[in-house]
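# Descriptive analysis of the structure
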Amino acid sequence: MPFEIVVDRQGLLTGDWRLAPGGEAPHGFIEHVQAWVLRHVLLSIILLILLVTTLFITLLWLGPPVPRN
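Residues numbered from 1 in each chain as written. Predicted model: local features only at pLDDT ≥ 70, side-chain atom pairs only at ≥ 80, totals over all residues. Heavy atoms only, no water.

### Focus: the side chain of Ser44
With respect to the helices and strands, the residue Ser44 is situated in helix α3 (residues 41–62). When near neighbours in sequence (up to four residues on either side) are disregarded, Ser44 contacts Trp36 and Val37. (Helix = DSSP H or I, 4+ residues; strand = E, 2+ residues; numbered from the N terminus. Contact = heavy atoms within 4.5 Å.)

### A word on a nonpolar patch on the surface
Taken together, the side chains of Phe29, Ile30, Val33, Trp36, Val37, Leu42, Leu43, Ile46, Leu47 and Leu50 make up a nonpolar region of the molecular surface, amounting to roughly 980 Å² of accessible area. Looking at the nonpolar patch, the elements with two or more residues in it are α2 (29–39) and α3. Of note, Leu50 is situated in helix α3. (Patch = residues over 30% accessible without salt bridge, like charges linked within 9 Å, V, L, I, M, F, W, Y side chains within 5 Å. Areas by Shrake-Rupley, 256 points an atom, 1.4 Å probe, with all protein chains shown as cover. Salt bridge = Lys/Arg side-chain N within 4 Å of Asp/Glu carboxyl O.)

### Overview of α3
Between the first and last C-alpha of α3 there are 32 Å, a value that for 22 residues agrees with the 32 Å anticipated at 1.5 Å per step. At the C-terminal side of α3, Gly63 shows a positive phi close to 90 degrees. (Expected span 1.5 Å × (residues − 1).)

### Points about the packing of α2 against α3
The geometry of α2 relative to α3 is characterised by a closest axis approach of 5 Å and an angle of 110 degrees between their N-to-C directions. Considering their axes alone, α2 and α3 lie roughly perpendicular with respect to each other. Of the residues in α3, those in contact with Trp36, Val37, Leu38 and Arg39 of α2 are Val41, Leu43, Ser44 and Leu47. Residue composition of the contact of α2 with α3, grouped by class: 6 nonpolar, 1 polar and 1 charged. (Axes fitted to C-alpha atoms, helices over the stretch in contact; angles between N-to-C directions. Parallel < 35°, antiparallel > 145°, perpendicular 65-115°, else oblique. Nonpolar A, V, L, I, M, F, W, Y, C, P; charged D, E, K, R; others polar.)

Structure (structure tokens):
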């Protein structure tokens, strides 16, 4: 928070998100993913929840990481 307050007072936080709709074109895979998330916030939240749920269900189905006797 202190960093953000200082930077805001210096006027360095003006403007929109760089990768938001109407902003700069993304370069590289990571920036493409970030731009897609910024443009489709609700869908990306739903997909993240589904991914985490699927991961945990799979891990619970596999069981503990110790050998069964």
